[in-house]
Amino acid sequence: MAIYEGINLAASLGLSNLLVESDSLIVINILSESMSCPWNLIYLKRAIAKNCMSLDINFKHVYRELNGVADFVASKASNSKVSTVYDNFCNLPPTVKGLLQMDRLGIPAFRIRK
């Protein structure tokens, strides 16, 4: 659902050249059409495909450790009942700012298991 919402948001902002990264290889394979879609997700996949028709879009699998910002935001969203759009760097949570800074500097991120 997050990919669907993200593509809709990008389209509404007039963005047309998109790179969608996910740590779910299954989702990337389904959206890239290299894997068949389970029946219970077919309507969502069709809605995403319809929105992608007017976009130059690529789907890419990345490991969770390489996508720390998305992992943090997704985790935060799953624990929240409201939708939040961060449209300005200043509005980002401090943790996200730190992860972006680490990424910019090429510092590896490690995931600590509890």
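To keep things clear, this report deals only with the structure shown in the data block. On a predicted model such as this, the values are computed, not experimentally measured, just so you know.

Thresholds applied
- Residues numbered from 1 in each chain as written.
- Predicted model: local features only at pLDDT ≥ 70, side-chain atom pairs only at ≥ 80, totals over all residues.
- Heavy atoms only, no water.
- Buried < 20%, exposed > 50% of the residue type's maximum accessible area, 1.4 Å probe, protein only.
- Helix = DSSP H or I, 4+ residues; strand = E, 2+ residues; numbered from the N terminus.
- Arc of directions from axis to C-beta.
- Contact = heavy atoms within 4.5 Å.
- Pairing = 2+ DSSP bridges.

## Topic: helix α1 (residues 2-12)
Among the residues making up α1, those that are buried are Ile3, Ile7 and Ala10. All buried residues of α1 fall inside an arc of 65° around its axis, so they share one side. Counted as exposed and oriented over 90 degrees from the buried face of α1: Ala2 and Ser12. On its buried side, α1 packs onto β1 (17-22), α2 (25-31), α3 (42-52) and β2 (56-61).

## Regarding the pairing of β1
Burial along β1 is one-sided: the face carrying Leu18, Val20 and Ser22 is buried and the face carrying Asn17, Leu19 and Glu21 is not. Pairing of β1 with β2, which is carried by 6 bridges, proceeds in the parallel orientation. Bridge pairing in β2 links Ser22 to His61.

## Here's the deal with α3
For α3, the set of buried residues is Lys45, Ile48 and Cys52. One side of α3 carries all its buried residues, which in axial view fall inside an arc of 60°. Along α3, the residues that are exposed and aim more than 90 degrees away from the buried face are Tyr43, Arg46 and Lys50. Packed against the buried residues of α3 are α1, α2 and β2.

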